[in-house]
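# Structural overview
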Amino acid sequence: MKHKTVEVKNVLRTQDMFSNLQSRSEITPGIGLIHGASGFGKTTTVTYMFNQLTAMGNLPVYVRCYATDTPSSFLARVMKELGSEPMYPLRKSVDFITNTMNEQQIALFVDEADHIIGQAKTMETIRDLYDATELPVVLIGMEEIARRISHRKQLFNRISEWVEFMPADNEDVSMFACELLEQGIKVGEDLLDFIRVRSGGEVRRILIALEKIERFALTNEKDYIDKELWGDGQLFLNHGRR
Ligand SMILES: Nc1ncnc2c1ncn2[C@@H]1O[C@H](COP(=O)(O)OP(=O)(O)O)[C@@H](O)[C@H]1O
Ligand SMILES: [Mg+2]
């Protein structure tokens, strides 16, 4: 399997969302939200976009959150990304971060934000970073985050752009197969559809299935695999069913 990010619909929608945040007018707030189930490609998409932004001369910052995070550990991670040691009292770290963000026009991506959504202080700190810079801040999390963030009115009111990661459709699955399989291996539409249904549209599971098909094709020296050729081999670990 090739290692690359495929520009499926969720990726394109995320790029649009971020460019809307960047080009918004002064009256529109600039916090973005990306949410969707685990394995749907959120982190991959944000990392891909991060690299594109960096290549274009932007200086985004990406941090992921952990279950054990506190305002202090969160700020220390952002400081580290900005090349600095944390400063105390924490107000100094906040000032350093907002000054640097303003000077260098840095957008902030906060992945795994589910871990901090229940922590008022950390969420307020993120809001402080946004309010002092008005630069794009993008929160990334699982399905629950959209609902839970709606209870944090101050933050919720600043969200102007959001993307919900949807399950892959047939076109997406076919794009993964075309762009990631080695040596022109082709997969029949019936098998692609089977993969879409049985994966629930989850990218992680789609890629695992495609890798199995690729290995099968290489071992058997085939360049076209459809459902009949694949037979009743197991593609998914799924409660003992195939
Ligand atoms: N657009 C994509 N192109 C290629 N691989 C992808 C893409 N989206 C997701 N993946 C793969 O699927 C797996 C799960 O994606 P990930 O970004 O970790 O999901 P999430 O952050 O939503 O839980 C990753 O290992 C990644 O390799
Ligand atoms: Mg992730």
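Residue numbering note: each chain is counted from 1, following its sequence as written. The order in which chains are written sets their letters, starting at A; the order in which ligands are written sets their numbers, starting at 1. Since the coordinates come from a predicted model, pLDDT governs what is reported: local features require at least 70, and pairs of side-chain atoms require 80 or more to be given and counted, while whole-chain, interface and lining totals use all residues. With hydrogens and water stripped out, all remaining heavy atoms of the structure feed into the side-chain values.

## A closer look at the overall build of the protein
For the purposes of this entry, the term helix denotes a DSSP run of H or I that reaches at least four residues, the term strand denotes a run of E that reaches at least two, and both are numbered from the N terminus. Within the protein, the regular secondary structure consists of 12 helices and 7 strands. Counting only C-alpha atoms and orienting by the principal axes, one finds that the protein spans roughly 65 × 35 × 35 Å. In this scheme, a residue with accessible area under 20% of its type's maximum is buried, one over 50% is exposed, and one in between is partly exposed, where area comes from a 1.4 Å probe on protein chains only. Looking at the protein residue by residue over its 242 residues, the buried ones come to 43%. When checking whether two residues touch, look at their non-hydrogen atoms; a contact exists if any pair is within 4.5 Å. In the protein, once contacts between residues fewer than 6 apart in sequence are set aside, the share between residues at least 24 apart is 73%. Roughly 12600 Å² of accessible area belongs to the protein as shown, and the carbon and sulfur atoms make up 50% of that amount. Using a 1.4 Å probe, the Shrake-Rupley method yields the accessible areas, and only the shown protein chains count as cover for residues.

## Structural notes on the side chain of Asp-172
Mapped onto the fold, Asp-172 is located in helix H9 (residues 170-180). Pairs of N or O atoms within 3.5 Å make up the polar contacts considered here, provided that, within protein, one atom can donate a hydrogen while the other can accept it, and that residues adjacent in sequence are counted only when both atoms are side-chain atoms. Reaching out from Asp-172, the side chain makes a polar contact with the side chain of Lys-9 at a distance of 3.3 Å.

## Things to note about the domain arrangement of the protein
On domain assignment, one finds that the protein holds domain 1 (9-164) and domain 2 (170-230). Where each domain begins and ends follows an automated or database-derived domain assignment. Placing a centre on the C-alpha atoms of domain 1 and another on those of domain 2 gives a separation of 35 Å. Residue-level contacts link 4 residues of domain 1 with 7 residues of domain 2. Values labelled buried area give the accessible surface lost by two parts on being combined, using a 1.4 Å probe and summing over both. When the two sides are added together, the surface that domain 1 and domain 2 hide from each other amounts to roughly 470 Å², 41% of it contributed by carbon and sulfur. Criterion for a salt bridge: a side-chain nitrogen of Lys or Arg within 4 Å of a carboxyl oxygen of Asp or Glu. Between domain 1 and domain 2 we count 2 salt bridges in total. With a shortest N-O distance of 3.3 Å, Lys-9 and Asp-172 are connected by a salt bridge. When the residues that make up the side of domain 1 that touches domain 2 are grouped by side-chain class, the tally is 1 nonpolar, 2 polar and 1 charged. Three classes are used, and their members are as follows: Ala, Val, Leu, Ile, Met, Phe, Trp, Tyr, Cys and Pro are nonpolar, Asp, Glu, Lys and Arg are charged, and the others, Gly among them, are polar.

## Remarks on the layout of surface pockets
Computed from the structure, the largest pocket encloses a volume of approximately 620 Å³. Every element with two or more residues in the lining of the largest pocket is listed here: helix H1 (9-22), helix H2 (42-55), strand E4 (137-141), H9 and helix H11 (203-219). At 5 residues, H11 tops the list of elements feeding residues into the lining of the largest pocket. Taken together, the residues that form the lining of the largest pocket break down as 13 nonpolar, 10 polar and 8 charged. Two domains each put at least three residues into the lining of the largest pocket: domain 1 (9-164) and domain 2 (170-230). Throughout, the protein atoms alone are placed on a 1 Å grid, and a set of points is a cavity if a 1.4 Å probe fits but cannot get out or a pocket if it is open with protein on both sides within 12 Å along at least five of seven lines; lining residues have an atom within 4 Å of a point. Grid points are joined across faces, edges and corners, and a volume is the space filled by probe spheres set on the points.

## Concerning the UniProt feature "domain: ORC1/DEAH AAA+ ATPase" (unreviewed entry) in the protein
In the UniProt entry, the feature "domain: ORC1/DEAH AAA+ ATPase" (unreviewed entry) is given for residues 28-148. Annotation note: span residues 28-148, helix share 53%, strand share 15%, distance between end C-alpha atoms 22 Å. UniProt positions are given in the numbering used here, feature names are shortened, and annotations may be inferred rather than shown by experiment.

## Brief notes about unusual backbone geometry
Residues Tyr-88 and Pro-89 are joined by a peptide bond in cis, for which omega reads 0°. Positionally, Pro-89 belongs in the loop between helix H3 (71-81) and helix H4 (90-104). In this structure, Gln-105 is a non-glycine residue whose phi angle is positive, near 55°. With respect to the helices and strands, Gln-105 occurs in the loop between H4 and strand E3 (108-111). Phi angles above zero are rare outside glycine, and Gln-183 is one such case at about 50°.

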